[in-house]
Amino acid sequence: MPAMSLDVGALLLQTVPFARTVGITFDSVGDGQAVCRLPDRADLHNHVGGPHAGALFTLAESASGAAMLSALGDQLERAVPLATKAAIEYRKLAMGEVRAEARLLVTRDEVVARLDAGERPVFDVAVDIKDADGTLVSTLTVTWTLHPNRP
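Source: prediction; values computed, not measured.

> Mind laying out unusual backbone geometry, listing which residues take part and the relevant values?
The backbone phi angle of Asp 31 is positive, close to 55 degrees, even though this residue is not glycine. Within the fold, Asp 31 resides in the loop between strand 1 (25-30) and strand 2 (33-38). You can call Asp 31 exposed: its relative accessible area is 60%.

Rendered as structure tokens:
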């Protein structure tokens, strides 16, 4: 896989202002994986004192986008990445700061081969959200596509 010269976390925060609004920070991004955090802020809480479901979704979707871009960001000149669907499962009440760990479920080569064949690749990124103790509180799968640019 080619080395990424782009700071994917910074790019995502620049192009997705809502991720900045909720205070997402990126710990690591690379090789089809990303780890980011959502702070424990009162304005992000729900009625039971944990992070709001929408804030958890935003965290996980941001992590999935960063993981995808870390593997495929060099394809942005010829295709636009789009999330096409997502499924989230809230397993346990999250409290405090939460961390999302995302990973691409296909290889970069599979996606690029489909683009090279003139196809529109569709692929999933899985995300685990854990609380400060490392307890799994939510899971999310985001389906992405790379929409080829028109010539």
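On we go.
> Which residues make up the sheet that holds strand 1, and what values do they have?
Whenever strands of a sheet pair, they do so through backbone hydrogen bonds, lying parallel or antiparallel. Strand order in the open sheet formed by six strands is 1-2-4-5-6-3, with antiparallel pairing between adjacent strands. Of all strands in the sheet, those with a lone pairing partner are strand 1 and strand 3 (79-90), marking the two edges. When strand polarity is set aside, the average angle formed by the axes of neighbouring strands in this sheet is 20 degrees. In terms of strand pairing, strand 5 (residues 122-131) meets strand 6 (residues 136-148) through nine bridges, oriented antiparallel. Looking across to strand 6, one finds that Ile 129 is bridged to Ser 138. Lying over the sheet, helix 3 (residues 53-72) contacts strand 1, strand 2, strand 3, strand 4 (98-104), strand 5 and strand 6, oriented at roughly 35 degrees with respect to strand 4.

> Account for the layout of surface pockets, naming residues and giving values.
Estimates place the volume of the largest pocket at around 200 Å³. What lines the largest pocket is a set of 13 residues, and nearest its centre among them are Leu 12, Thr 15, Val 16, Glu 61 and Trp 144. Tallying contributions element by element places helix 3 first for the lining of the largest pocket, with six residues. Tallied by class, the residues present in the lining of the largest pocket amount to eight nonpolar, four polar and one charged.

> Explain the environment of Ala 34 residue by residue, including any values.
Note that Ala 34 resides in strand 2. In this structure Ala 34 comes out as buried when scored by relative accessible area, which is 0%. Residues Ala 34 and Ala 67 lie 33 residues apart in sequence; the distance between their C-alpha atoms is 4.8 Å. Every residue in contact with Ala 34, bar those within four places of it in the chain, is listed here: Ser 28, Val 29, Ala 63, Ala 66, Ala 67, Ala 100, Glu 101 and Ala 102.

> Which residues make up the environment of Pro 121, and what values go with them?
Examined against the element boundaries, Pro 121 turns out to sit in the loop between helix 4 (108-116) and strand 5. Taking the relative accessible area as the measure of exposure, Pro 121 reaches 1% and is therefore buried. On a C-alpha basis, the gap between Pro 121 and Leu 146 in space is 5.8 Å, while along the polypeptide they are 25 residues apart. If near-sequence neighbours (up to four positions away) are discounted, Pro 121 is found in contact with Val 111, Arg 114, Leu 115, Trp 144, Thr 145 and Leu 146.

> Before we move on, could you go through a nonpolar patch on the surface and cite the residues and values that matter?
Together, Val 48, Leu 93 and Met 95 make up an exposed nonpolar region whose accessible area comes to about 270 Å². Residue placement: Leu 93 occurs in the loop between strand 3 and strand 4.

About the cut-offs
Residues numbered from 1 in each chain as written. Predicted model: local features only at pLDDT ≥ 70, side-chain atom pairs only at ≥ 80, totals over all residues. Heavy atoms only, no water. Helix = DSSP H or I, 4+ residues; strand = E, 2+ residues; numbered from the N terminus. Buried < 20%, exposed > 50% of the residue type's maximum accessible area, 1.4 Å probe, protein only. Pairing = 2+ DSSP bridges. Axes fitted to C-alpha atoms, helices over the stretch in contact; angles between N-to-C directions. Contact = heavy atoms within 4.5 Å. 1 Å grid on protein atoms, 1.4 Å probe; cavity = no way out; pocket = protein on both sides within 12 Å on 5 of 7 lines; lining within 4 Å. Points joined across faces, edges and corners; volume = space filled by probe spheres on them. Nonpolar A, V, L, I, M, F, W, Y, C, P; charged D, E, K, R; others polar. Patch = residues over 30% accessible without salt bridge, like charges linked within 9 Å, V, L, I, M, F, W, Y side chains within 5 Å. Areas by Shrake-Rupley, 256 points an atom, 1.4 Å probe, with all protein chains shown as cover. Salt bridge = Lys/Arg side-chain N within 4 Å of Asp/Glu carboxyl O.

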